[in-house]
Amino acid sequence: GRAAEMPAALALLLLLAADAAAPEKNPLLNICMDAKHHKREPGPEGKLYDQCSPWKDSACCTANTSSEAHKDQSNLYNFNWNHCGVMPPKCKRHFIQDTCLYECSPNLGPWIKQVNSSWRRERILHVPLCKEDCEEWWEDCKDALTCKENWQKGWNWATGTNRCPWGSMCRPFSEVFPRPKDLCEKIWSNSFKYSPERRGSGLCIQMWFDPAQGNPNVAVAKYYAWKKRSSPAQVENVAPERDHAARALPWSALALLPLALVLL
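Counting restarts for each chain, with residues numbered from 1 along the sequence as it is written. Residues qualify for local features only when their pLDDT is at least 70, as the model is predicted, and side-chain atom pairs are given and counted only at 80 or more; totals for whole chains, interfaces and linings, by contrast, use all residues. Side-chain numbers come from the whole structure's heavy atoms, not from hydrogens or water.

Caption draft 1: Main features of the overall build of the protein. Under the DSSP-based scheme used, a helix requires at least four consecutive residues in state H or I and a strand at least two consecutive residues in state E, with every element numbered from the N terminus. Looking only at helices and strands, the protein has eight helices and six strands in total. Secondary structure elements of the protein, listed N to C terminal, follow the sequence α-α-α-β-β-β-α-β-β-α-α-β-α-α. Here, two residues are considered to be in contact whenever any of their heavy atoms come within 4.5 Å of each other. Partitioning the intrachain contacts of the protein with sequence separation of at least 6 by distance along the chain shows that 65% fall at a separation of at least 24. Surface summary for the protein: the accessible area is close to 14,200 Å², and the carbon and sulfur share equals 56%. In these tables, accessible area is a Shrake-Rupley quantity obtained with a 1.4 Å probe, and a residue counts as shielded only by the protein chains included in the view.

Caption draft 2: Spatial organisation of helix H3 (residues 89-104). Its 16 residues place the ends of H3 22 Å apart at the C-alpha level, agreeing with the 22 Å of an ideal helix rising 1.5 Å per residue. Residue burial is assigned from relative accessible area. The probe radius is 1.4 Å, only protein chains are included, and a residue is buried under 20% of its type maximum, exposed over 50%, and partly exposed in between. Counting buried residues in H3 gives 13 out of 16 residues, a clear majority hidden from the surface. The span expected for a helix works out to 1.5 Å for each residue beyond the first.

Caption draft 3: Region of interest: the packing of aromatic side chains. Ring geometry is summarised as follows: Phe, Tyr and Trp rings, the Trp one being its six-membered ring, pair when their centres sit within 6.5 Å, and such pairs are stacked at plane angles under 30 degrees, edge-to-face over 60 and tilted between the two. Using the criterion set out here, one finds 18 aromatic pairs in the structure. Ring geometry for Trp 81 and Trp 151: centres 6.3 Å apart, planes at 35°, overall tilted. Here Trp 151 lies in the loop between strand S4 (145-146) and strand S5 (171-172) and Trp 81 lies in the loop between helix H2 (63-68) and H3, a separation of 70 residues in the sequence. In this pair, the class of Trp 81 matches that of Trp 151, namely buried. Here the aromatic rings of Trp 151 and Phe 173 are separated by 5.9 Å at their centres, their planes lie at 80°, and the arrangement is edge-to-face. You can see Trp 151 sitting in the loop between S4 and S5 and its partner Phe 173 sitting in helix H5 (residues 173-176), a full 22 residues away along the chain. Judged by relative accessible area, Trp 151 falls into the buried class, the value being 1%. Following the ring pairs from residue to residue traces out a cluster consisting of Phe 79, Trp 81, Phe 95, Trp 137, Trp 151, Trp 155, Phe 173, Phe 177, Trp 188 and Phe 192. Cation placement over rings: the criterion is NZ of Lys or CZ of Arg within 6 Å of the ring centroid and within 35° of the ring normal. Here the guanidinium or amino end of Lys 148 rests over the ring plane of Trp 155, the centre of that ring lying 5.6 Å away.

Caption draft 4: Just the layout of surface pockets, in detail. Cavities and pockets are defined on a 1 Å grid built over the protein atoms alone: a cavity is a set of grid points where a 1.4 Å probe fits but cannot escape, while a pocket is an open set with protein on both sides within 12 Å along at least five of seven lines, and lining residues are those with an atom within 4 Å of any such point. Grid points are joined across faces, edges and corners, and a volume is the space filled by probe spheres set on the points. What the largest pocket holds in volume is close to 650 Å³. Lining the largest pocket are 26 residues, with Tyr 77, Phe 79, Trp 119, Gln 152 and Trp 188 positioned closest to its centre. A per-element tally of the lining of the largest pocket places H3 first, with four residues. Broken down by class, the residue content of the lining of the largest pocket amounts to 13 nonpolar, six polar and seven charged. Basically, the charged four are Asp, Glu, Lys and Arg, the nonpolar ten are Ala, Val, Leu, Ile, Met, Phe, Trp, Tyr, Cys and Pro, and anything else, Gly included, counts as polar.

Caption draft 5: Main features of the state of the cysteines. Note on terminology: pairs of cysteine sulfur atoms within 2.5 Å are recorded as disulfides. One pass over the structure, following the stated rule, counts eight disulfides. Here Cys 52 engages in a disulfide with Cys 100; their sulfurs sit 1.9 Å apart. Between Cys 52 and Cys 100, the S-S dihedral sits near -80°, and the bridge is therefore left-handed. In this pair, Cys 52 sits in the loop between helix H1 (2-21) and H2 while Cys 100 sits in helix H3, placing the two residues 48 residues apart along the sequence. Summarising the burial analysis for this pair, Cys 52 and Cys 100 share the class buried.

Caption draft 6: Highlighting the pattern of salt bridges. Any Lys or Arg side-chain nitrogen located within 4 Å of an Asp or Glu carboxyl oxygen qualifies as a salt bridge. In total, this model carries 14 salt bridges according to the counting rule given. When the shortest N-O distance is used, the salt bridge between Lys 39 and Glu 45 registers 2.7 Å. Of the residues examined, Lys 39 reaches a relative accessible area of 17% and is grouped as buried. Salt-bridge contacts for Glu 185 lead to Lys 181; the nearest nitrogen and oxygen are separated by 3.1 Å. One end of the pair, Glu 185, and the other, Lys 181, are both in helix H6 (residues 180-186), four residues apart, so they sit about a helical turn from each other. Classification of Glu 185 by relative accessible area gives buried; the value is 14%.

Caption draft 7: Up close: the side chain of Asp 140. With respect to the helices, strands and loops of the structure, Asp 140 is situated in helix H4 (residues 131-141). Residue Asp 140 is classed as buried on the basis of its relative accessible area of 18%. If we ignore the near neighbours within four places in the chain, the residues touching Asp 140 are Lys 90, Cys 91, Arg 93 and His 94.

Caption draft 8: Region of the structure containing the nonpolar core. Membership of the largest hydrophobic core comes to 49 residues, with the highest contact counts inside it found for Trp 55, Phe 95, Trp 137, Trp 151, Phe 173, Ile 187 and Trp 188. Listing elements by their share of this core, those giving two or more residues are H3, strand S3 (127-129), H4, H5, H6, strand S6 (192-194) and helix H7 (217-230). With seven residues, the top contributor of residues to this core is H3. The residues touching Phe 173, leaving out its near neighbours within four places in the chain, are Met 87, Phe 95, Cys 141, Lys 142, Ala 144, Leu 145, Thr 146, Trp 151 and Leu 183. Nine residue types can take part in a nonpolar core, namely buried Ala, Val, Leu, Ile, Met, Phe, Trp, Tyr and Cys, and a core is a set of them joined through side-chain atoms within 4.5 Å.

Caption draft 9: Representation of the environment of Val 115 within the structure. You can see Val 115 is positioned in the loop between strand S1 (112-114) and strand S2 (122-124). A relative accessible area of 27% places Val 115 in the partly exposed class. Spatially, the C-alpha atoms of Val 115 and Asp 34 are 9.9 Å apart, while their sequence positions differ by 81 residues. Not counting the four nearest positions on each side in its chain, Val 115 is found in contact with Arg 120, Arg 121, Glu 122 and Arg 123.

Here you go:
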């Protein structure tokens with residue numbers, strides 16, 4: 001039994017060493033992206049509206065942003081959901097929830113990337129969205145109509161709101177996005193990645209969650225932030241001191257080894 005316990009004890013010590021060598025605050029956790037309506041840092045918001053309310057304990061959005069997120073023609077981006085006739089309410093609620101996640105969540109740090117855009121300096125890329133969140137979104141929207149696969153660009157803005165580009169046809173979502181994966185990944189230029197992981201796995205971000213159970217995305221962000229820090233080669237623009245801390249880990253762990261052997 002003793003030998004079997006040894007790898008677990010070492011793994012624990014390695015994690016403790018990692019924590020000891022790491023800077024106090026992980027720069028990927030509990031942050032707001034630098035974009036059009038985001039607050040500088042997350043904090044409590046008592047009056048978040050309706051579908052954005054799960055984020056009220058720690059939000060990157062203001063109450064005003066949260067109520068605008070629910071309007072058909074909101075002032076957030078002058079974006080019109082009803083560009084191919086009225087979007088059914090069961091479909092629209094997913095787009096509202098998606099907007100709430102984007103505007104309010106302080107747990108998207110591991111996927112924030114710099115961009116050079118007129119309306120934001122940062123965006124999210126490849127956020128692993130839970131399988132059920134993608135599939136329910138697709139299921140509830142498959143009969144809704146749209147004329148575009150990528151909603152982030154290419155609209156006709158001549159009237160000040162998005163209209164279908166000239167020559168494009170309104171077709172059912174199920175034709176434009178044949179699978180849930182297509183909808184989640186293509187509609188916002190790869191902001192999301194379809195994850196095979198399920199809600200509650202701790203490995204994917206939930207767009208829908210019950211705030212009474214706490215915010216499950218806090219743990220998911222921690223996991224991916226830890227993963228990025230423990231393999232700095234995969235991380236673009238790693239700050240030199242963080243890189244150094246990551247490389248120093250084995251030594252701090254080795255220093256604890258004699259203690260591990262005593263404990264076993």
